[in-house]
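Report on the structure
Residues per chain, in single letters:
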Amino acid sequence: MIKNVKIKKILKNTIFKGCTVINRFIPKDDNIVLLYSANKGIQHSLVPLRKYLLDSGFDKKYRIVCGIENLQYKENDGLEYISRLAAYKLFFKAKHVFYTTGQVPIKPSKNQCVIHLRHGCTNFKSCGRKTNINNGDEFYFTYMIATSEIFKSIMAEEFGCKEENVVVIGDPLIDDLLNTKSDCSSFSDFNKVLLWLPTFRKSDYLGYDDSSVEDLVPLFKTEDYEELNSVLKKYNIKLIVKLHPVQNADSSVKMHYSNLDVYTQDEFSKTNFTLSGLMKTSDVLIGDYSSASMQYLVLNKPEAYVVPDIDEYSKKRGFAFDDPEKYMAGHIIKNQTQFYEFLEDIANDKDVYKEKRKRVLDEMYEYQDNKNCERIVQLSGMSLER
């Protein structure tokens, strides 16, 4: 992945502009489907989409190819995997392209359908051209997927496209969340299971620095973990913190206690847990600015938003909404005292934001079912009919 913004802009304005011209004249093969992710392997929205394609038998009719950053992230699912450069080459021939996290910076031809799934369709934080990190042109798709009308004008501005290119059709990750079975057997000894999914503040991998917050777990320094664990133990609550895949982390820090577990991405990948499985199993989600907090709304469970850096984050990264707290349907937490008050409410089964959750859910999601991948594939023009 290229992190240097200047180099990205130069490549987009030179080599890839020429590729766009060439792409207009190359015939497209209706039988080729390209799933592309610029960061590591197939992830985010492409995971449930890939599953839908395989479960529905589209691989029997179409050649489905996964383009990934490096073949070290190849999976054994029976599909064809190719590296980034090979994916760029295949793009010229593929009639159907779906991507997330990055893009093939070649404009689609009129005979192609390129769908930008994003890594989560609902976001508090600004993306694309509305961030302070402007990677240049972001409009390399036929359609971008949205979950409700409220996002159409926002996404059009962020990615420099027309509103007609933003289609309200649903989030593939909602399919994953709704289809996943809950498994509470691992946590039967606890009264409550809380899942905390903090977004990254600093990432060397992405080259982002969105906040001066240094702590892996916002609000808590490593020396605070013992006290936090004691409070959790008092309430018989299990708290699982799953760090963002690109968050900088110090592996030397002790992160596992009786009632508190903090997992890095590498650690988490070696467990038997899945993110959607933990979300489905948990009684409460703790989030902040990421799309996970929005997705969790469909489960109708309590949430909290740990946002001690909300003002700084607004200046450095920016928000999609003028008033992001309006869409935070749960406890808004900015210090440790508020966090412990939130734990007490949860321990006492106080669900004080139920009505706000329903209002925000209906504003964020026009579709609240598990048919999002089906609608997206139909939009691409793919069909199992002969």
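Here, the structure is the one placed above.
Positions within a chain are numbered from 1, following the residues in the order the chain's sequence is written. In keeping with the model being predicted, local features are shown solely for residues with a pLDDT of at least 70 and side-chain atom pairs are shown and tallied solely at 80 or more, while totals for entire chains, interfaces and linings include all residues. Side-chain figures throughout are based on the complete set of non-hydrogen atoms in the structure, without hydrogens or water.

**Notes on the pattern of salt bridges**
A pairing counts as a salt bridge when a side-chain nitrogen of Lys or Arg comes within 4 Å of a carboxyl oxygen of Asp or Glu. Enumeration according to the criterion identifies 16 salt bridges in this entry. Residues Lys358 and Asp362 are paired through a salt bridge, measuring 2.6 Å at the closest nitrogen-oxygen approach. Note that Lys358 and Asp362 are positioned in helix 14 (residues 354-364) at a spacing of 4 residues, about one turn of the helix. Residue exposure (1.4 Å probe, protein chains only): buried if accessible area is under 20% of the type maximum, exposed if over 50%, otherwise partly exposed. Accessibility expressed as a relative area gives 47% for Lys358, which makes it partly exposed. The class for Asp362 is partly exposed, based on a relative accessible area of 39%. Connected through shared salt-bridge partners, Arg50, Glu75 and Asp77 make up one network. For the purposes of this entry, the term helix denotes a DSSP run of H or I that reaches at least four residues, the term strand denotes a run of E that reaches at least two, and both are numbered from the N terminus.

**Considerations on helix 8 (residues 225-235)**
Turning to helix 8, its buried residues number three or more, namely Tyr225, Leu228, Asn229, Val231, Leu232 and Tyr235. Each buried residue of helix 8 lies within a common arc of 160° when the element is viewed along its axis, so the set occupies one face. Within helix 8, the exposed residues directed more than 90 degrees away from the buried face are Lys233 and Lys234. Contact between two residues is taken to exist if any of their heavy atoms lie within 4.5 Å; hydrogens are not considered. Against strand 11 (237-242), strand 12 (260-263) and helix 13 (336-347) lie the buried residues of helix 8. Looking one or two residues past helix 8, Asn236 carries a phi angle of roughly 55°, positive in sign. In this description, the arc belongs to the directions extending from the helix axis to the C-beta atoms.

**Considerations on the sheet that holds strand 2 (residues 63-67)**
Two strands pair if DSSP finds at least two bridges between them. Pairing is parallel across the open sheet formed by 7 strands, whose spatial order is 3-2-1-4-5-6-7. At either end of the open sheet lies a strand with only one pairing partner, and these are strand 3 (80-82) and strand 7 (166-168). The mean angle between the axes of side-by-side strands here comes to 25°, regardless of whether they run parallel or antiparallel. As judged from the 5 bridges shared by strand 1 (residues 29-37) and strand 2, these two strands associate in the parallel manner. Pairing of Ile32 across the sheet is with Arg63, part of strand 2. Helix axes use the C-alpha atoms of the stretch in contact, all axes being lines fitted to C-alpha atoms, and the angles between their N-to-C directions lie in the range 0 to 180 degrees. The strands that helix 5 (residues 84-91) touches are strand 1, strand 2, strand 3, strand 4 (94-100) and strand 5 (113-116); relative to strand 1, the one it contacts most, it runs at about 150°. Relative to the sheet, helix 15 (residues 372-380) contacts strand 4, strand 5, strand 6 (143-146) and strand 7, its axis offset from that of strand 5 by approximately 150°.

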